[in-house]
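# Coordinate inspection notes
Chain residues, written in single-letter form:
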Amino acid sequence: MKVNENFFYSIFVLFSSKDFKPFHVGLSPDSAEVALQKLFSETFSGKKSSLNKVIKKNWEQGHEILAHEIQSEVEKKDSKKMLKYWQNEFNKKGDSIYLGDTFSKAMQKEFEINFH
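Please read these numbers as outputs of a predicted model, since none were measured by experiment. (Residues numbered from 1 in each chain as written. Predicted model: local features only at pLDDT ≥ 70, side-chain atom pairs only at ≥ 80, totals over all residues. Heavy atoms only, no water.)

### So, the environment of Asp101
For clarity, the threshold we go by: Secondary structure follows DSSP: runs of H or I at least 4 residues long count as helices, runs of E at least 2 residues long count as strands, and numbering of each begins at the N terminus.
Along the chain, the position of Asp101 falls in helix 4 (residues 101-111). Residues Asp101 and Asp19 lie 82 residues apart in sequence; the distance between their C-alpha atoms is 9.6 Å.

Structure below.
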């Protein structure tokens, strides 16, 4: 995404109701909810990026796609560095990381959704 020069940015994760494990870390000049709405619109319009394909596959399997803002008010000058930090956290293994099993359980509890 192109970084807007006049505003703060949000860093968010996407996950599905299947397991509540993050599958994408993104950067947006909007809130996580607005970024998710834009991704849904792209997916409905037939965009075929790898992210849109993951969203569509989850929908076809009956799972909801949810978003959670992990960092807000990130200044432009720091946005790419912070996005890279969170993407690196996303790629780490184990539960001692920010986006591990504890995160997934917390998201399931926060959204208070029982899809199983």
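### Topic: helix 2 (residues 50-60)
Here is the rule we go by: To sort residues, take the accessible area from a 1.4 Å probe on protein chains only and compare it with the maximum for the residue type: under 20% means buried, over 50% means exposed, and anything in between is partly exposed. An arc is given here, and it is the one of the directions from the helix axis to the C-beta atoms. Contacts: residue pairs with any heavy atoms within 4.5 Å of one another.
Those residues of helix 2 that fall on the buried side of the exposure criterion are Leu51, Asn52, Ile55 and Asn58. In an axial view of helix 2, the angular spread of the buried residues amounts to 125 degrees, which keeps them on one side of the axis. Every exposed residue of helix 2 that faces more than 90 degrees away from the buried side is listed here: Ser50, Lys53, Lys57 and Glu60. Packed against the buried residues of helix 2 are strand 1 (9-16), strand 2 (22-28), helix 1 (32-44) and strand 3 (65-74). Directly beyond the C-terminal end of helix 2, a positive phi value near 85 degrees is found at Gly62.

### Considerations on the nonpolar core
We apply this condition: Definition of nonpolar core: a set of buried residues of the types Ala, Val, Leu, Ile, Met, Phe, Trp, Tyr and Cys, connected through side-chain atoms within 4.5 Å.
Of all hydrophobic cores here, the largest spans 14 residues; its most connected members are Ile11, Val13, Phe15, Val25 and Ile70. At the level of secondary structure, the elements contributing two or more residues to this core comprise strand 1, strand 2, strand 3, helix 3 (76-91) and helix 4. Membership of the second largest hydrophobic core comes to 10 residues, among which are Phe12, Ile55, Ile65 and Ala67.

These figures capture arrangement, not role.
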